[in-house]
Every structure is written in C-alpha cells, then in structure tokens.
Amino acid sequence: QLLRRLSVFAGGCTLEAAEDVCAADVDTLQSLLEKSLLRMSDERYSMLETIREYAAEQLDPSEVDAVRRRLRAHVVALAEANAGALHTAFESSASGRLAPDYANIRAAVSYSLAAGEPDEVGRIVGAIYPFLISHGHLAEVREWVEATLADRDRLSEKGLAEALVGGGEVARFGGDLSRAIELKEELAALAEGELQRPNWKAATLADLCEIALDQGDLTGARQYAEQSAAAGGGPRAALCFAELALREGNLRSAESNGLAALAELEEGAFNHACCLEILAETARRAGNEARARERFSESLRSFADLGDAGGVADCLDGLSRLAAAAGDD
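Below or above, wherever it landed, is the structure these notes cover. Keep in mind that this is a model prediction, so the values were computed, not measured.

This part is about the overall build of the protein chain. Assigned secondary structure in the protein chain consists of 18 helices and two strands. If one aligns the C-alpha atoms of the protein chain with their principal axes, the spans along those axes are about 70 × 45 × 30 Å. Expressed as a percentage of the 329 residues in the protein chain, the buried residues total 49%. Partitioning the contacts of the protein chain with sequence separation of at least 6, the portion at a separation of at least 24 is 61%. Carbon and sulfur atoms make up 47% of the accessible area of the protein chain, which amounts to about 15200 Å² in all.

Where helix α15 (residues 251-264) contacts helix α16 (residues 270-285), the axes come no closer than 9 Å and their chain directions differ by 155°. Here α15 lies roughly antiparallel to α16, going by the angle between them. The element α15 and its partner α16 pack so that their crossing is left-handed. Between α15 and α16, the residues in contact are Leu251, Ala254, Glu255, Gly258, Leu259, Ala261 and Leu262 and His272, Cys275, Leu276, Leu279, Thr282 and Arg285, respectively. Partitioning the contact of α15 with α16 into residue classes produces eight nonpolar, three polar and two charged.

The set of residues buried in helix α6 (residues 91-98) consists of Glu91, Ala94, Ser95 and Leu98. Projection of α6 onto a plane perpendicular to its axis shows the buried side chains occupying an angular sector of 100°, all on one side. Buried residues along α6 sit against α5 (61-83), α7 (102-114), α8 (118-134), α16 and α17 (289-306).

Moving on, we come to the pattern of salt bridges. Applying the stated criterion across every chain, the model contains 27 salt bridges. For Glu210, the salt bridge identified is with Arg172, shortest N-O distance 2.3 Å. Taken together, the residues Glu210 in helix α12 (residues 200-214) and Arg172 in helix α10 (residues 157-173) connect sequence positions 38 residues apart. The class of Glu210 is buried, set by a relative accessible area of 12%. Residue Arg179 is joined to Glu182 by a salt bridge in which the shortest nitrogen-to-oxygen separation is 3.1 Å. Note that Arg179 and Glu182 are positioned in helix α11 (residues 177-188) at a spacing of three residues, about one turn of the helix. Residue classification places Arg179 among the buried positions, given a relative accessible area of 18%. Taken together, the shared-partner salt bridges connect Glu169, Arg172, Lys184, Arg197, Asp207, Glu210 and Arg236 into one network.

Take the environment of Val8 next. Structurally, Val8 can be placed in the loop between α1 (2-6) and α2 (15-22). Between the alpha carbons of Val8 and Arg70 there is a distance of 9.8 Å; along the sequence they are 62 residues apart. Beyond its immediate stretch of four places on either side in the chain, Val8 contacts Val21, Val67, Arg68, Leu71 and Tyr111.

This paragraph deals with the nonpolar core. By size, the foremost hydrophobic cluster in this structure holds 58 residues, and its most contacted members are Leu6, Phe9, Ile128 and Trp144. When near neighbours in sequence (up to four residues on either side) are disregarded, Phe9 contacts Ala17, Ala18, Val21, Cys22, Arg52, Leu71 and Asn104. Counting residues in hydrophobic clusters, the runner-up holds 24 residues, among them Leu239, Ala261, Cys274 and Leu322.

Another aspect to go through is the packing of aromatic side chains. By the definition in use, this model includes four aromatic pairs. Note on Tyr102 and Trp144: the rings are 6.1 Å apart at their centroids and 20° apart in plane angle, and the pair reads as stacked. Linking Tyr102 in helix α7 with Trp144 in helix α9 (residues 138-150), this pair joins segments that are 42 residues apart in sequence. In textbook terms, an aromatic cluster arises when at least three aromatic residues are bridged by ring pairs, as seen for Tyr102, Phe131 and Trp144.

Covalent bonding between the sulfur atoms of two cysteines defines a disulfide. As enumerated under the stated definition, the model contains zero disulfides in all. The thiol sulfur of Cys240 is not disulfide-bonded, and the nearest other cysteine sulfur, from Cys209, lies at 3.7 Å. The thiol sulfur of Cys315 is not disulfide-bonded, and the nearest other cysteine sulfur, from Cys274, lies at 8.8 Å. Assessed through its relative accessible area of 0%, Cys315 is described here as buried.

What follows deals with a negative patch on the surface. A cluster of acidic residues, Glu16, Glu19, Asp20, Asp25, Asp27, Asp42 and Glu43, forms a negative patch on the protein surface. The biggest single contributor to the negative patch is α2, with three residues. Here Glu16 shows up in helix α2. Given the relative accessible area of 53%, Glu16 is considered exposed.

Our next topic: the environment of Asp305. Checked against the element boundaries, Asp305 lands in helix α17. Separated by 263 residues in sequence, Asp305 and Asp42 place their C-alpha atoms 22 Å apart.

With their axes 8 Å apart at the nearest point, helix α14 (residues 235-248) and α15 run at an angle of 160° to one another. Classified by the angle between their axes, α14 and α15 sit roughly antiparallel to one another. The interaxial crossing formed by α14 with α15 has left-handed handedness. Touching Pro235, Ala238, Leu239, Phe241, Ala242, Ala245 and Leu246 of α14 are Leu251, Ser253, Ala254, Asn257, Gly258, Ala261 and Glu264, all from α15. A breakdown of the residues in the contact of α14 with α15 according to their chemical character gives ten nonpolar, three polar and one charged.

Criteria and cut-off values
- Residues numbered from 1 in each chain as written.
- Predicted model: local features only at pLDDT ≥ 70, side-chain atom pairs only at ≥ 80, totals over all residues.
- Heavy atoms only, no water.
- Helix = DSSP H or I, 4+ residues; strand = E, 2+ residues; numbered from the N terminus.
- Buried < 20%, exposed > 50% of the residue type's maximum accessible area, 1.4 Å probe, protein only.
- Contact = heavy atoms within 4.5 Å.
- Areas by Shrake-Rupley, 256 points an atom, 1.4 Å probe, with all protein chains shown as cover.
- Axes fitted to C-alpha atoms, helices over the stretch in contact; angles between N-to-C directions.
- Parallel < 35°, antiparallel > 145°, perpendicular 65-115°, else oblique.
- Left-handed = near helix turned anticlockwise from the far one by under 90°.
- Nonpolar A, V, L, I, M, F, W, Y, C, P; charged D, E, K, R; others polar.
- Arc of directions from axis to C-beta.
- Salt bridge = Lys/Arg side-chain N within 4 Å of Asp/Glu carboxyl O.
- Core = buried A, V, L, I, M, F, W, Y, C linked by side-chain atoms within 4.5 Å.
- Phe/Tyr/Trp six-rings, centres within 6.5 Å; stacked < 30°, edge-to-face > 60°.
- Disulfide = S-S within 2.5 Å.
- Patch = residues over 30% accessible without salt bridge, like charges linked within 9 Å, V, L, I, M, F, W, Y side chains within 5 Å.
- Lys, Arg positive; Asp, Glu negative; His and termini not counted.
- Charge placed at Lys NZ, Arg CZ, Asp CG, Glu CD.

Structure, rendered in structure tokens:
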C-alpha cells in the first residue's frame, strides 16, 4: 500500500513528505529499501520509473483522489514556506531546496487543474515564481498561469492576485511585455491584501516602470516610479529613479538614487545586484573605470549566484566595454 501511494511523487520525496502525503513510517520505508523497491540518495526516497509506473497502476481508484489531494496540499505548503526567502539574499539556497521537487510541483499543478482547483495553482506560482524564473521553466509555467486565469471564476481574491503576481513576472522575463503589462496593471488595480510578495503594490508599479524603460517610454516610466514611491516603494522606487536618470543622461541623479537604494537593499538579493549594475554603468559613463569595473564584477558574482543569465550577460557586456575602452582586445 505504501509503495502504491509513493508513486504519486513524480520526483522522489523526503521522509517528511512521505509521512505527510502517504502516512509513511520509517520501518516500512526501510523494508522497501531492503527489497530494492525504493532507493535513497541525498536524503530523498525515489524509485525507478518503471516501478513507479507499475505502482501507480496498482493504486486503488478509491485512494487516488485522496493521495493526490494530499500531494497538492503538501506542494502548496512547500511553496508558501519558501516564498519569503525567495525575495531575500537567501533566494539561491531556497531555490536549491525547491529544485529536487520540481517534478512534484508539476504533478501537483496538473492534478489541481484537472480537479478544477486553480486557486492552488495561483498560490503555488505566486509563492515561488522567482525560483520558476531562475530555473528556466518559463514556457511551462506560463501555460499554468493562463490555464489558471482562464478559470478565474473559481479563484479566490488571494488566488487571483497571486496568479497575477507570478504570471506578470513570468511573462515579463519570458519576453512577452504586453502580457506582463496587462497582468501587472490588473494587479495594481486590486484592493490591498496580504500576498507572498513583499510590498506587492509598490513593487508591481516599480516593475511597470522598468518595463516602460525597456520600451523607451521615459514619460510612462517616471509616472510609474512616482506612483511606486507614493505607495511606499522605498529602495525599489529609488532604483527606478536611478535607472531613469541614467537613461536621461543625468549621472549625478543616477548615482545619488542608486546609492540611496543600495543602502537599503539586502546584499545578495536580486534588486541589490541590479542596483550594483546601474551604479557600475553610471561610473563607466562618468569615466570612473576602476569603480565601474569593481561594481560590474560585484554585480556579476551576485547574478551568477542567483542563476540570473540576463544579469550575468549585462555585466559581461559592461566589462567588455571597459576592456575595449582600455584597448584590451
């Protein structure tokens, strides 16, 4: 019975997950290990795919829904337990903890959508979208988001907002800026509420500012930056004003706003790395090559630790320009 229940895990599981979802006990798990029906590696139980498929076929139909429901609840709890760390300097370690469970996250999302419970998917995506973006599952996650929003009549206010939070960022980093704007503007228009993303309204307005900057709309970007500041955006708003000033060629304002943001952003966090990059580019344009090289290098290390390929590429571009200016082909 336990082996059949464990087949619900598409990517193996920890002892705690087996206990939570399958009512497992250590002695029975050990018995399955001794019979080579389970394997243990890095403190996770798993089974050969052929064995898992066979065990799934033997799972009593009367148990299928209950076990899948417990898996869905487990994944929602797992996502929400890691949400806070994904917005801090501990993003890399939180993503590392989530990575082995990606197949289980996918399975839980599939089960939730099939069961007509899109609210669970909204909560999952809203909680862990930084991990989903950094680990390159954008196309698949966008399908989850669109399926969730297509069934919005079944969403709670929180589930809808979380789906918009995660969906907007996934669309943005996937390159679909028009869809990102659509989702983020809908989110910004919602009433205040408690969501996984810290200070989500101000952060959403700051995101819209950055998208406007990417599109070359400086007037729109300034309006969003001012709205973010008014909503309590703090360092995120200062970061927006720094990038806006850099685009306008006002290096003094870019540096002062960048330094103000840097003083309040947590070292190692994504926005801290972005701030270092803006200050590096400001220094490069001001002719301070040593400071620019130092800032680009520091930002590069942070983006690399976060697994953010776009940030890494931008920093390498800046370092390349410095080398070229110095005649170092």
